[in-house]
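Residue-level listing of the chains:
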Amino acid sequence: MGCDGGTIPKRHELVKGPKKVEKVDKNAELVAQWNYCTLSQEILRRPIVACELGRLYNKDAIIEFLLDKSSEKALGKAASHIKSIKNVTELRLSDNPAWEGDKGNTKGDKHDDLQRARFICPVVGLEMNGRHRFCFLRCCGCVFSERALKEIKAEVCHTCGAAFQEDDVIVLNGTKEDVETLKRRMEGRRLRSKLGKKTKKPKVAESLSKSDGSEGAPGPSKMKTGKPEETSLDSQEKKTTLPPRSAAAQGSSSGKAGKPPCGAMKRSIADSGESEAYKSLFTTHSSAKRSKEESAHWVTHTSYCF
């Protein structure tokens, strides 16, 4: 039955106890979060995008996921909250001048420093390797360390100058508490956007109905008051009375050359149905005539010679 040759078995070799919880290496977890895509598990390469929960992705992987949402992909759960390309933000990252990458490791005999990161904070200079908390702005996509935002408090982005609010700051690869708060903010933003779209639709319908009604109804200039017979009579009277006024105005402006014959003027004013006050303005009126005693025996330039 075994145990030959003087071997002494121990208890843990004979009795199966509960399995120990496997502890994940923190360094390996940090490397996976900050250097590899959450969806495709490939090395991050530009253009790099981040979701509203602070996870990093390759933009190509997100586009492929949105075009082909198959249930066979087990990693699709990591991006299930991404419904369109508008739910991700393209990041503006600052390169680390001290990072060489794989340039000096051609033979494979060089030690790779996993703590050395490809990107740094443009304000403080901290490396984005997971040891320090980093965050980005949804309005512009610029990436900073949390220390830079705390030390230099401003309502404007340090790089591009875009204004932002507290709701626009999203922590990259945060803790479980950070992810829960970001998830609540994301749900609140999407709910507000849906309500805004619903309120816009009735407003657009009301504006269209108002425009249709204004086109169908006549405007104030087109509205006519009173009976049609009265308006036609008034227009005819105006037509008959207007020519003498215009003729008189033309005669006064043009002078003697444009003055009509006196006989025609007398007949037109005398026969017209204007008031006596209006007729008294003309020299042919009885009030403007002088007697022979008052009139002079010489000719003057005045219009009172008859």
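Residues numbered from 1 in each chain as written. Predicted model: local features only at pLDDT ≥ 70, side-chain atom pairs only at ≥ 80, totals over all residues. Heavy atoms only, no water.

Looking at an unreviewed UniProt entry, the protein carries the name Replication termination factor 2, with the source organism given as Phocoena sinus. One UniProt comment on the protein, placed under Sequence similarities (unreviewed entry), says "Belongs to the rtf2 family." (UniProt positions renumbered as here; feature names shortened; annotations may be inferred.)

One key point about sheets: their strands pair by backbone hydrogen bonds, in either a parallel or an antiparallel sense. Spatial ordering of the open sheet is given by 2-1-3, a layout of 3 strands whose pairing is antiparallel. The outermost strands of the open sheet, each flanked by one partner alone, are strand 2 (56-58) and strand 3 (89-90). Pairing geometry for strand 1 (residues 48-50) and strand 2, over 3 bridges, is antiparallel. The residue of strand 2 that forms the bridge with A50 is L56. (Pairing = 2+ DSSP bridges. Helix = DSSP H or I, 4+ residues; strand = E, 2+ residues; numbered from the N terminus.)

Next up on the list: a positive patch on the surface. On the surface, a cluster of positive charge is made up of K86, K194, K197, K198, K200 and K201. Locating K197 in the fold gives a position in helix 5 (residues 176-216). (Patch = residues over 30% accessible without salt bridge, like charges linked within 9 Å, V, L, I, M, F, W, Y side chains within 5 Å. Areas by Shrake-Rupley, 256 points an atom, 1.4 Å probe, with all protein chains shown as cover. Salt bridge = Lys/Arg side-chain N within 4 Å of Asp/Glu carboxyl O. Lys, Arg positive; Asp, Glu negative; His and termini not counted. Charge placed at Lys NZ, Arg CZ, Asp CG, Glu CD.)

Further remarks concern the pairing of strand 6 (residues 134-137). Of the two faces of strand 6, the one holding F134 and F136 and the one holding C135 and L137 are both buried throughout. Across 3 bridges, the pairing between strand 6 and strand 7 (residues 143-145) is antiparallel. Of the residues in strand 7, the one forming a bridge with F134 is S145. (Buried < 20%, exposed > 50% of the residue type's maximum accessible area, 1.4 Å probe, protein only.)

Now for the sheet that holds strand 8 (residues 169-171). Here 3 strands make up an open sheet; going across it, the order is 7-6-8 and the pairing antiparallel. Each of the sheet's edge strands pairs with one partner strand only, and the pair in question is strand 7 and strand 8. Averaged over all neighbouring strand pairs, the angle between strand axes comes to 35°, with direction disregarded. (Axes fitted to C-alpha atoms, helices over the stretch in contact; angles between N-to-C directions.)

This next bit is on the environment of R190. Relative to the helices and strands, R190 is located in helix 5. Along the chain, R190 and N87 lie 103 residues apart, while their C-alpha atoms are 9.9 Å from each other. With near-sequence residues (within four places) excluded, R190 lies in contact with E52, H81, K83 and N87. (Contact = heavy atoms within 4.5 Å.)

Quick look at a nonpolar patch on the surface now. Among the surface-exposed residues, I63, L67 and I85 lie close enough to one another that they form a single nonpolar patch of about 300 Å² accessible area. Looking at where L67 falls in the secondary structure, it is placed in helix 3 (residues 59-67).

With that out of the way, let us pick up the confidence of the model for the protein. Looking at the protein, pLDDT values average 74 and 62% of them are 70 or higher. A low-confidence stretch, residues 262-266 stays under pLDDT 50, and its non-local contacts, those more than four residues away or across chains, total 4 contacts. (pLDDT = per-residue confidence, 0-100.)

Summed over the entire model, instances satisfying the criterion amount to 11 salt bridges. A salt bridge links D167 to R189; the shortest N-O distance between them is 3.1 Å. Taken together, the positions of D167 in the loop between helix 4 (146-151) and strand 8 and R189 in helix 5 put the pair 22 residues apart, joining distant regions of the chain.

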